[in-house]
Every structure is written in structure tokens, then in C-alpha cells.
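Descriptive analysis of the structure
Residues per chain are reported as follows:
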Amino acid sequence: MLVKIYGNPTEKEPDWSYSPIPNEVSRHVQEFKRNMSECLKEVQRNDKREIKRLSPKMESPVHGECLIACVLKRNGVIENGKVVKDNLIGLITKFYAKEDKLIKKLERNIDRCINTSIKSKDECLLASNLNQCTNDIMANNKHMISI
């Protein structure tokens, strides 16, 4: 198909995906989805605790805290019970690279999140606390990263 862009004819395939995911983050989203799917299976297989409600309306098929921990470990954010700050910022930056103000605010406040979360020796709880704290920072900017 021949498409004119700014008056210059170029060869370009039409985009029929209607995907709301911008091309520049698509690869990261696909990788994240793959990690999430693999973690979901892993947590369901390994965590035998009684499942608790994550919302008043429905039961979660897994323990959300451990699912978050698995995804963060696969992305190098949690290693041996510690939070790797650069990897956390790097993970978030993959999705919000163009949001300079947001990333700067995150960098200014991330130490508080890390210091609060590492008080827990349980990696699932550590991940949950870290996720909640970073979401609180993002929510103040009308963005949220929910795992």
C-alpha cells in the first residue's frame, strides 16, 4: 500500500491493531505480560496459603503480594531480599520514558519506598509494600503502575 506522509510517498503497511499501547513500549509490555503469566502459574503452584480477598467483590486466584514479588524478581528489582534501586527505576522508565517530571519525582522519593519496604523480611510483603508506595507516588501524578 502506498501512503503519503507529509507529501512524500513511502511504503507503509497499515496498522490494523488499534492497539492503545504505543510502539515504543510494546516490547516491554509483551515481556511484562509474559513474566506476569509465568509468575501467575508459579505462585499458584507454590503458594499453599489460604487465599484472601483482594477486593470485596471477588477472590483472587493467587496471593497478590507473591505475584508482585515474582514479577519484580524476574525484572531484577528484588534480589536476595534487597531492592535494587536502579533496576526499579529502569523498569518504570521503560513504560514512562517520556514522562520526565514523573521519573524525576520518582527518583526523589524512591528511597523512602525502598527503606519502608525492606523492613519486611518476607519478600512477598516487601514487594507489596514497595508496589503500594511507588503507586502512591505515581497516583499523585495521575499515573499508576499496578501489578
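Residues numbered from 1 in each chain as written. Predicted model: local features only at pLDDT ≥ 70, side-chain atom pairs only at ≥ 80, totals over all residues. Heavy atoms only, no water.

With respect to the pattern of salt bridges
By the definition in use, this model includes five salt bridges. With its nearest N and O atoms 3.7 Å apart, the salt bridge here joins Arg-34 to Glu-38. Separated by four residues within a single helix, Arg-34 and Glu-38 lie in helix α1 (residues 23-46), roughly one turn from each other. The exposure class assigned to Glu-38 is partly exposed, which follows from its relative accessible area of 31%. Between Arg-74 and Glu-38 there is a salt bridge whose closest N-O contact spans 2.5 Å. You can see Arg-74 sitting in helix α2 (residues 64-74) and its partner Glu-38 sitting in helix α1, a full 36 residues away along the chain. In this structure, a network of salt bridges that share partners links the residues Arg-34, Glu-38, Glu-42 and Arg-74. (Salt bridge = Lys/Arg side-chain N within 4 Å of Asp/Glu carboxyl O. Helix = DSSP H or I, 4+ residues; strand = E, 2+ residues; numbered from the N terminus. Buried < 20%, exposed > 50% of the residue type's maximum accessible area, 1.4 Å probe, protein only.)

Topic: empty space enclosed by the protein
Counted under the stated rule, the structure contains one cavity of 30 Å³ or more. Reported here for the largest cavity is a volume of approximately 40 Å³. Contributing to the lining of the largest cavity are His-28, Glu-31, Phe-32, Asn-35, Asn-75, Leu-91, Lys-94 and Phe-95. Elements with a contribution of two residues or more to the lining of the largest cavity: α1 and α3 (85-96). Sort the elements by how many residues they give to the lining of the largest cavity and α1 lands first, with four residues. Of the residues assigned to the lining of the largest cavity, the class counts are three nonpolar, three polar and two charged. (1 Å grid on protein atoms, 1.4 Å probe; cavity = no way out; pocket = protein on both sides within 12 Å on 5 of 7 lines; lining within 4 Å. Points joined across faces, edges and corners; volume = space filled by probe spheres on them. Nonpolar A, V, L, I, M, F, W, Y, C, P; charged D, E, K, R; others polar.)

Some thoughts on the state of the cysteines
Counting across every chain of the model gives three disulfides. Across the disulfide, Cys-39 is cross-linked to Cys-70 (sulfur-sulfur distance 2.1 Å). Taking the sign of the S-S torsion, about -80° here, the bridge from Cys-39 to Cys-70 comes out left-handed. Residue Cys-39 is found in helix α1, and its partner Cys-70 is found in helix α2; the two are separated by 31 residues along the sequence. Residue Cys-39 shares its accessibility class with Cys-70, and that shared class is buried. (Disulfide = S-S within 2.5 Å.)

Quick notes on the environment of Val-77
Locating Val-77 in the fold gives a position in the loop between α2 and β3 (78-79). Between the alpha carbons of Val-77 and Gly-90 there is a distance of 9.0 Å; along the sequence they are 13 residues apart. Not counting the four nearest positions on each side in its chain, Val-77 is found in contact with Leu-72, Lys-82, Val-83, Val-84, Asn-87, Leu-88, Leu-91 and Leu-130. (Contact = heavy atoms within 4.5 Å.)

A few points about α2
Since one α-helical turn is 3.6 residues long, residues separated by three or four positions face the same way. When you tally the buried positions in α2, you get nine out of eleven residues, the bulk of the element. Positive phi shows up at Gly-76, right after α2, with a value of about 75°.

Here's the deal with the packing of helix α4 (residues 100-117) against helix α5 (residues 123-139)
The angle between the axes and the distance between the axes are what describe a pair of packed helices. Direction vectors running N to C along α4 and α5 enclose 150°, while the axes themselves pass 9 Å from each other. Between α4 and α5, the angle falls in the class roughly antiparallel. Both α4 and α5 take part in a crossing whose hand is right-handed. On α5, the residues that touch Leu-102, Lys-105, Leu-106, Asn-109, Ile-110, Arg-112, Cys-113, Ile-114 and Ser-117 of α4 are Leu-126, Asn-129, Leu-130, Cys-133, Thr-134, Ile-137 and Met-138. (Axes fitted to C-alpha atoms, helices over the stretch in contact; angles between N-to-C directions. Parallel < 35°, antiparallel > 145°, perpendicular 65-115°, else oblique. Left-handed = near helix turned anticlockwise from the far one by under 90°.)

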